[in-house]
Structures are given as C-alpha cells and as structure tokens.
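Coordinate inspection notes
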Amino acid sequence: MGDITRIGVIGAGLMGSGIAEVAARAGRDVVVVEANAAAADAGRERIEKSLARGVEKGKLSAEDRDAALGRLTFTTDMEACSDRELVVEAIAENEALKLEVFGKLDRIVQSKDAILASNTSSLPIMRLAMATQRPEYVVGLHFFNPVPVQKLVELIPSLLTGEETAKRAEAFASEVLGKTVIKAPDRAGFVVNALLVPYLLSAIRMVEAGHATPEDIDNGMVLGCAHPMGPLRLTDLVGLDTTMAVAESMYAEYKEPLYAPPPLLRRMVEAGLYGKKSGRGFYDYT
Ligand code: CAA
Ligand code: NAD
C-alpha cells in the first residue's frame, strides 16, 4: 500500500489552502480543486502569502517555498483527482454540497484503497460515507485554523471506517504532516468543537445582551486566561458563516439550547458579515 504521495484537496478557502500548503511543504504532490477560477486564484494567493511569511520569518528557505509551490496544481475539474491516494474535502460546511462532492469523488477516484477524508467541523462522517460505495475508505480528518500553526488533527472514524484506513490517515497526519492526532467520536462537533462552539456562542450572547463589549470580553479572556485570542476575534477568524453552520448541525444532533445559534449571529451572517475573510465581523479588517 505504501506511503501516500498524491493528495487532492477540494476547496481552497481558509482551511483547504492551509491543508494543501502543509501537504506540499511535506513533499507531497497536491491537486487543489475549487468551484471556479476566481476562488482557485484566491486559494493560490493565500498559500503564496503564507509561504512568503514563512520565508520572511526565516522558517522556510526561498528554495523550499518554490519547491512547495511547484508541487501544487490548481484546477476547477474534479476529474484531476482520479489518480489521488488521499483526497481531503474542505468545502463550505453545507451537508448537501458535501454529499454531492463525496458522490462525485466516489466515481472519479480510481484507486480502490484511496482514502476520502472530510475536514468537516461538525457533520457526521457516517452520512458523508454513505454518499459513496466505499464507506470503509471514508474518514474524518479535522484540522485547525490556521492549519500551518495549529498542531492538532482530530481523526474521526465512522462506524464503517476500515481499521487500515484509520491507521493510514492517522500516519499521514502525524508522520507526514507532523500533527498530533486525537481520536474523536463520530458525533456532531467531535471533541474540540463540542467544547469550543458553546463558548463562542456564549460570548456572542453576552454581546447581544449588552453584558460587555467585544473588546472587553476578548481582553478578559486574553489577559485573564492567557488565551491567544478572545472568543469574538476567534469567531471572526473561523468565519461567522462557518460558526453558524457548525452550531446548527450540533443543535440538530443534540437539541441542547447551548448549541443554538443566537439571533445576533444569524443576523450578521444574513448581512454578509462573515468576519476576517469578508472584511467585517465583530471587528473591522478593512
Ligand atoms: N500561516 C503560517 N503561519 C502563521 C499563520 C498562517 N496563516 N498565522 C500565524 N502564523 C504564525 C506566525 O508566523 C507566528 O510564528 P512565530 O511565532 O514563529 O513568529 C505565529 O503563528 C504567531 O503569529 P502572529 O504573531 O502573526 O499572530 P498571533 O501571535 O496573534 O497568532 C494565531 C495568530 C496563530 C491565529 C493565534 O492568535 C492563535 O493561535 N489563535 C487561536 C486560534 C484557534 O483557536 N484556532 C482554532 C479555531 S477552531 C477550529 O479551527 C475548528 C473548527 O472546526 C472551527
Ligand atoms: P471557506 O468559506 O473559507 O472556504 C470554502 C471554499 O470551498 C470556498 O473557497 C469555496 O469556493 C469552495 N467550494 C465550495 N463548493 C465547492 C465545490 N463544490 N468544489 C470545490 N470547492 C468548493 O471555508 P473554510 O473555513 O475553509 O471551511 C471549509 C471546511 O473546513 C468546512 O467544512 C469547515 O467547517 C471546516 N473547518 C473550518 C475551520 C475554520 O476555522 N474556518 C476549522 C476547521 C474546519
């Protein structure tokens, strides 16, 4: 079966670009598939900027940057994934869209033991697996934002994931990418988001209730509890659209009020205030 050398990444937004970058930096050949040419260009720019930052900070040589860029191919045609040994899906947190992608990948990816992974934050892996004819080769590989910085990957085997698939996916994340892997259950939110998302939603409810300003809440958690960033700035980093989608799928799974997206979050998403990626969320980035 050997080492995994040919990777596909579907979606080159915040997460897909990070996953593609770390795989290319680890010497793997990476095909990145986006929905359209503009999104593919934006993904490539995000990776170029991140690699340039690595060079500026002395963490990466200019040669290694160029070699990593040379291992990346951007396309809008998913057929380019036909020879991939591992494909990581990282499109928007939308179940219908993800089911469509898994159905297509199942038809396109030729190798019988190729792994189809999802970077979903909250959707059950079992559902994505059942959109394919090969559920034993489908697994959750949940990275954290920003991917080049955060050391964790959650490994989420579904009820039908093969033992060998889980082992190979884990070895890829730990041995090839150098991440620390924790095993998480196939329940909406897995381990980290099951704890993190109610905290982010509580902070939004505090703003909504006029309890404190975003700045004061964030300063409280940064300076009082040594968090690298406060919950509102973190929600801006994750994306308010993604945070709301994650909250919705966790609420659908557990029916617990702590997971219900607060109206302020919904209004901000309706207004297009997605956070850092759109230029405005709880803070202004323009
Ligand atoms: N790519 C590469 N390196 C990056 C980077 C990027 N996109 N962003 C930051 N870095 C590196 C910097 O080069 C810097 O490295 P050095 O310390 O070696 O110089 C380091 O990270 C710190 O960066 P900065 O000094 O620019 O900024 P900072 O200190 O404010 O850190 C941060 C920024 C890394 C985002 C930090 O604030 C942080 O870790 N915040 C918390 C993020 C978090 O909780 N993420 C999880 C979100 S939840 C999730 O991902 C799951 C989900 O499903 C929603
Ligand atoms: P994003 O909005 O930044 O990017 C999503 C990308 O997917 C966009 O560029 C979009 O053009 C592309 N896309 C949509 N449909 C597509 C298709 N059919 N084919 C190819 N590309 C398509 O979102 P993101 O923050 O990168 O999140 C992606 C996934 O990762 C989601 O499942 C999310 O829950 C998960 N995740 C997000 C974070 C985070 O902090 N943002 C952390 C961990 C996991």
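Residues numbered from 1 in each chain as written. Chains lettered and ligands numbered in written order. Predicted model: local features only at pLDDT ≥ 70, side-chain atom pairs only at ≥ 80, totals over all residues.

The name that an unreviewed UniProt entry assigns to the protein chain is 3-hydroxyacyl-CoA dehydrogenase, with the source organism given as Saccharomonospora viridis. The Pathway (unreviewed entry) field of the UniProt record for the protein chain holds the comment "Lipid metabolism; butanoate metabolism." (UniProt positions renumbered as here; feature names shortened; annotations may be inferred.)

Turning our attention to the UniProt feature "domain: 3-hydroxyacyl-CoA dehydrogenase NAD binding" (unreviewed entry) in the protein chain. UniProt tags residues 7-184 as "domain: 3-hydroxyacyl-CoA dehydrogenase NAD binding" (unreviewed entry). Segment residues 7-184 splits into 42% helix and 21% strand. End C-alpha atoms: 23 Å apart. (Helix = DSSP H or I, 4+ residues; strand = E, 2+ residues; numbered from the N terminus.)

Further remarks concern the sheet that holds strand 6 (residues 138-143). The strand order across the open sheet built from eight strands is 3-2-1-4-5-6-7-8, with neighbouring strands paired in mixed fashion. Unpaired on one side and paired on the other, strand 3 (72-75) and strand 8 (180-183) mark the two borders of the sheet. Going from strand to strand, the sheet's axes swing by 25 degrees on average, the running direction of each strand aside. Sheet topology note: the strand 4 (residues 86-89)/strand 5 (residues 115-118) ladder contains four bridges and is parallel. Paired with E89 across the bridge in strand 5 is S118. Packed on one face of the sheet, helix 6 (residues 163-176) meets strand 4, strand 5, strand 6, strand 7 (152-157) and strand 8 and runs near 175 degrees to strand 7. (Pairing = 2+ DSSP bridges. Axes fitted to C-alpha atoms, helices over the stretch in contact; angles between N-to-C directions. Contact = placed C-beta atoms within 7 Å.)

Turning to the site of ligand 1, a few remarks are in order. Not every one of the 16 residues close to ligand 1 is listed here, only the nearest: S121, N145, P146, P148 and P228. Where the shell around ligand 1 is concerned, the elements lending two or more residues are helix 2 (37-56), helix 7 (192-208) and helix 9 (231-238). The class makeup of the residues in the shell around ligand 1 is nine nonpolar, five polar and two charged. Residues from two domains meet in the shell around ligand 1; each of domain 1 (6-183) and domain 2 (193-277) gives at least three. (Near = placed C-beta within 6 Å. Nonpolar A, V, L, I, M, F, W, Y, C, P; charged D, E, K, R; others polar. Domains from an automatic or database assignment.)

Let's shift gears to the site of ligand 2. In the vicinity of ligand 2, 28 residues are found, and the nearest of them are G11, G13, M15, S121 and N145. Within the residue set of the shell around ligand 2, elements represented by two or more residues are helix 1 (14-25), helix 4 (95-108) and helix 10 (240-254). The element contributing the most residues to the shell around ligand 2 is helix 1, with three residues. Residue composition of the shell around ligand 2, by class: 16 nonpolar, nine polar and three charged. Counting the residues that make up the shell around ligand 2, at least three belong to each of domain 1 (6-183) and domain 2 (193-277).

Another point: the domain arrangement of the protein chain. As assigned here, the protein chain comprises domain 1 (6-183) and domain 2 (193-277). Opposite the seven residues of domain 1 that make contact, domain 2 presents ten residues.

Along strand 7, five of the six residues are buried, which leaves the element largely enclosed by surrounding structure. Across five bridges, strand 6 lies against strand 7 in antiparallel orientation. Within strand 7, the position partnered with F143 by the bridge is V153. For strand 7 and strand 8, the ladder comprises four bridges, and the chain directions are parallel. Among the inter-strand pairings, L152 is bridged to a residue of strand 8, identified as T180. Between strand 7 and its parallel partner strand 8, the chain crosses via helix 6, and the hand of that crossover is right-handed. (Buried ≥ 20, exposed ≤ 12 C-beta atoms within 10 Å, placed from the backbone. Right-handed = clockwise from strand over helix to strand, strands pointing away.)

Mapping I108 onto the fold places it in helix 4. C-beta crowding within 10 Å serves as the criterion here: with 19 such atoms nearby, I108 is assigned to the partly exposed category. Along the chain, I108 and Q133 lie 25 residues apart, while their C-alpha atoms are 12 Å from each other. The residues touching I108, leaving out its near neighbours within four places in the chain, are M78, E79, C81 and S82.

With that out of the way, let us pick up the pairing of strand 2 (residues 29-33). The element strand 2 is extensively covered by neighbouring structure, given that four of its five residues are classed as buried. Sheet analysis places strand 1 (residues 6-10) next to strand 2, joined by five bridges and oriented parallel. The residue bridging V9 from the neighbouring strand is V32, located in strand 2. The parallel pair strand 1 and strand 2, bridged by helix 1, forms a crossover whose chirality is right-handed. For strand 2 and strand 3, the ladder comprises four bridges, and the chain directions are parallel. In the sheet register, V31 faces strand 3, and the bridge partner there is T73.

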